[in-house]
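What the coordinates show
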There are 2 protein chains.
Amino acid sequence: MAGVSLGSMPVGFRFRPTDEELINHYLKGKISGRKDNDGVIPEIDVCKFEPWDLPEKSAIKTGDQEWFFFSPRNRKYPNGQRSNRATVAGYWKATGKDRNIKSRSVSGENLIGMKRTLVFHRGRAPKGEKTGWIMHEYRVTNSPEKIIDKVKVDQVCEQFDLYFLVSIVFNCLSLCLCDAVETGRTCDLITF
Amino acid sequence: MAGVSLGSMPVGFRFRPTDEELINHYLKGKISGRKDNDGVIPEIDVCKFEPWDLPEKSAIKTGDQEWFFFSPRNRKYPNGQRSNRATVAGYWKATGKDRNIKSRSVSGENLIGMKRTLVFHRGRAPKGEKTGWIMHEYRVTNSPEKIIDKVKVDQVCEQFDLYFLVSIVFNCLSLCLCDAVETGRTCDLITF
């Protein structure tokens, strides 16, 4: 990313990464300490902000309704595996099953990561009110040794489980107040 | 586009222009003689090539299954309006209705162009055999006076109807021999 200005992209270019690219290039790069992607996906603690405050934190300023961040993993309990996904105004609640992300090569498919979908609810569980804000949370599943060769394995192990890559989506189709569905247009952001 | 190297794009960036961008930025820019988009969409006479030979002519080298070109309009008859869309191996046949392309602004919607879809058929009409190659043909509908202010109107008038912008798509879903539909994967190009 070094030397490439997002503002100088030709008209029509958009950030449309595949799940495989998000895991293999961006998230593994972050975990390994690679610095050269900082211009595309910034690091932010997503749960310190309400979802409607996140778009302006994105490095990529476009009309897209999807924004990407690295987020440190906040454990709910020091030794537990559950993440704390509460914000001041509400909480992110997982929905559906986690999906496998596989990398394809000539030798076949390899599991490289997992993708979880969460919906933002206003208020406090279990009485929160569902909103149109969606989070896709990506995490690496490869063993740390496979991630990178230039960084000491113990360093990687320390960082391995500390980051998610998240994409925040405002889902017009579920809660949009405009006529986006009928016209196919992308609606403006709605602040709840 | 000047000074931007397509090869240096960060991972995950792809050319995903809207219809409005194709008409308002690229095609009107071409008609007006603007040179600064040459790196993104090259000019080529699409009917001088078979569709399966076009991907390698694209300026954007990716795994995408859509390729963009400016194409001069070849009139079938010197004073007629029908375009000659035959190649050596077959012909492009229009399908469905032309669709309006509108530009949105605070003052409302304006018709800026039309989009036609054509399917490549091997052989000669009317007995050609349908293939999976699709062409989306974009043309400008604005009056030439509105297109550009820096070029003399008579120059613009001369060029106004001489170019299409076309996107060539290989439609996996209709004729793919691989398992793309079931797996969601993008299949490799198939040469007919």
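Residues numbered from 1 in each chain as written. Chains lettered and ligands numbered in written order. Predicted model: local features only at pLDDT ≥ 70, side-chain atom pairs only at ≥ 80, totals over all residues. Heavy atoms only, no water.

Some thoughts on the pairing of strand β3 (residues 90–105) of chain B
Residues and elements named next belong to chain B. Sheet analysis places β3 next to strand β4 (residues 108–122), joined by 13 bridges and oriented antiparallel. Of the residues in β4, the one forming a bridge with Gly90 is Arg122. Count of turn residues in the β3/β4 antiparallel hairpin: 2 residues. (Pairing = 2+ DSSP bridges. Helix = DSSP H or I, 4+ residues; strand = E, 2+ residues; numbered from the N terminus.)

What to know about helix α1 (residues 19–31) of chain B
Along α1(B), the positions that sit buried rather than exposed are B:Glu21, B:Leu22, B:Ile23, B:Tyr26, B:Leu27, B:Lys28, B:Gly29, B:Lys30 and B:Ile31. The first or second residue beyond α1(B) is B:Gly33, which carries a positive phi of 90 degrees. (Buried < 20%, exposed > 50% of the residue type's maximum accessible area, 1.4 Å probe, protein only.)

Side note on the relation of the copies chain B and chain A
With an RMSD of 0.0 Å, the operation that places chain B on chain A is a rotation of 179 degrees combined with a shift of 0.0 Å along the axis. Within this description, the copies of the chain are treated as partners about a two-fold rotation axis. For chain B, the minimum C-alpha distance to the rotation axis belongs to B:Arg14 and amounts to 2.8 Å. Looking at chain B, 100% of its interface residues are interface residues in chain A too, so the copies touch through the same face. (Least-squares fit on C-alpha atoms with pLDDT ≥ 70 in both. Contact = heavy atoms within 4.5 Å.)

Regarding the interface of chain B and chain A
Taken residue by residue, the interface counts 21 residues in chain B and 21 residues in chain A. Both faces combined, the contact of chain B with chain A buries some 1900 Å², and carbon together with sulfur accounts for 66% of it. For chain B, the biggest contributors to the area lost against chain A are B:Val11, B:Phe13 and B:Arg14; these three give 35% of the whole. Ionic pairing is found between A:Arg14 and B:Glu21, a salt bridge with its closest N-O pair at 2.7 Å. Counting across the interface, chain B meets chain A through 9 residue pairs in polar contact (both at pLDDT 80 or more). Listing elements by their share of the side of chain B that touches chain A, those giving two or more residues are β1 (13–15) and α1 of chain B. Partitioning the side of chain B that touches chain A into residue classes produces 12 nonpolar, 4 polar and 5 charged. (Buried area = accessible area lost by both parts, 1.4 Å probe. Salt bridge = Lys/Arg side-chain N within 4 Å of Asp/Glu carboxyl O. Polar contact = N/O pair within 3.5 Å; in protein donor to acceptor, adjacent residues only side chain to side chain. Nonpolar A, V, L, I, M, F, W, Y, C, P; charged D, E, K, R; others polar.)

Focus on the environment of B:Val169
Mapped onto the fold, B:Val169 is located in strand β6 (residues 163–170). Leave out the neighbours within four places in its chain, and B:Val169 touches B:Gln65, B:Glu66, B:Trp67, B:Gly132, B:Trp133, B:Ile134 and B:His136.

Observations concerning the environment of A:Arg16
Locating A:Arg16 in the fold gives a position in the loop between β1 (13–15) and α1 (19–31). A:Arg16 sits in the partly exposed class, given a relative accessible area of 34%. With 74 residues separating them along the chain, A:Arg16 and A:Gly90 place their C-alpha atoms 29 Å apart. Sequence-distant contacts of A:Arg16, defined by excluding residues within four places in its chain, comprise A:Glu21, A:Asp64, B:Gly12, B:Arg14 and B:Arg16.

A short note on the sheet that holds strand β5 (residues 129–140) of chain A
Sheets are built from strands paired through backbone hydrogen bonds, the pairs being either parallel or antiparallel. Residues and elements named next belong to chain A. The 5 strands are arranged β2-β6-β5-β4-β3 in an open sheet whose pairing can be described as antiparallel. The outermost strands of the open sheet, each flanked by one partner alone, are β2 (66–72) and β3 (90–105). On average, adjacent strands in this sheet sit at an angle of 25 degrees to one another, irrespective of strand direction. Of the strands in this sheet, β2, β3, β4 (108–122), β5 and β6 (163–170) touch α1, which is tilted by about 70 degrees from β5. (Axes fitted to C-alpha atoms, helices over the stretch in contact; angles between N-to-C directions.)

Describing the sheet that holds β4(B)
Residue and element names in this part refer to chain B. Taken in spatial order, the 5 strands line up as β2-β6-β5-β4-β3 in an open sheet, and their pairing is antiparallel. Of all strands in the sheet, those bounded by a partner on one side alone are β2 (66–72) and β3. Looking at each pair of strands side by side, their axes are set apart by 25 degrees on average, direction ignored. Inspection of the sheet shows strand β5 (residues 129–140) paired to β6 by 6 bridges, in the antiparallel sense. Counted as the bridge partner of Glu137 is Val166 from β6. Most of the contacts of α1 go to β5, to which it runs at about 70 degrees, and overall it touches β2, β3, β4, β5 and β6.

Points about the pattern of salt bridges
Summed over all chains, the structure comprises 18 salt bridges over all chains. Across the pair A:Lys30 and A:Glu43 runs a salt bridge, and its minimum N-O distance is 2.7 Å. With a gap of 13 residues between them, A:Lys30 in helix α1 and A:Glu43 in the loop between α1 and β2 connect regions that are remote in the sequence. For B:Glu137, the salt bridge goes to B:Arg85, with nearest N and O atoms at 3.0 Å. Of this pair, B:Glu137 sits in strand β5 while B:Arg85 sits in the loop between β2 and β3; the two residues are 52 residues apart in sequence, bridging distant segments of the chain. Connected through shared salt-bridge partners, A:Asp98, A:Arg116 and A:Arg139 make up one network.

Here's the deal with the packing of aromatic side chains
Residue and element names in this part refer to chain B. By the definition in use, this model includes 14 aromatic pairs over all chains. Here Phe15 and Tyr26 contribute two aromatic rings whose centre-to-centre distance is 5.8 Å and whose plane-to-plane angle is 85 degrees, an arrangement assigned as edge-to-face. Of this pair, Phe15 sits in strand β1 while Tyr26 sits in helix α1, placing them 11 residues apart in sequence. Residue Tyr26 is classed as buried on the basis of its relative accessible area of 0%. Aromatic pair Trp67 and Trp133: ring centres 6.0 Å apart, planes at 35 degrees, arrangement tilted. A residue pair is termed long-range when its members are at least 10 positions apart, and Trp67 in strand β2 and Trp133 in strand β5 qualify at 66 residues. In this structure, Trp67 and Trp133 share a single accessibility class: buried. (Phe/Tyr/Trp six-rings, centres within 6.5 Å; stacked < 30°, edge-to-face > 60°.)

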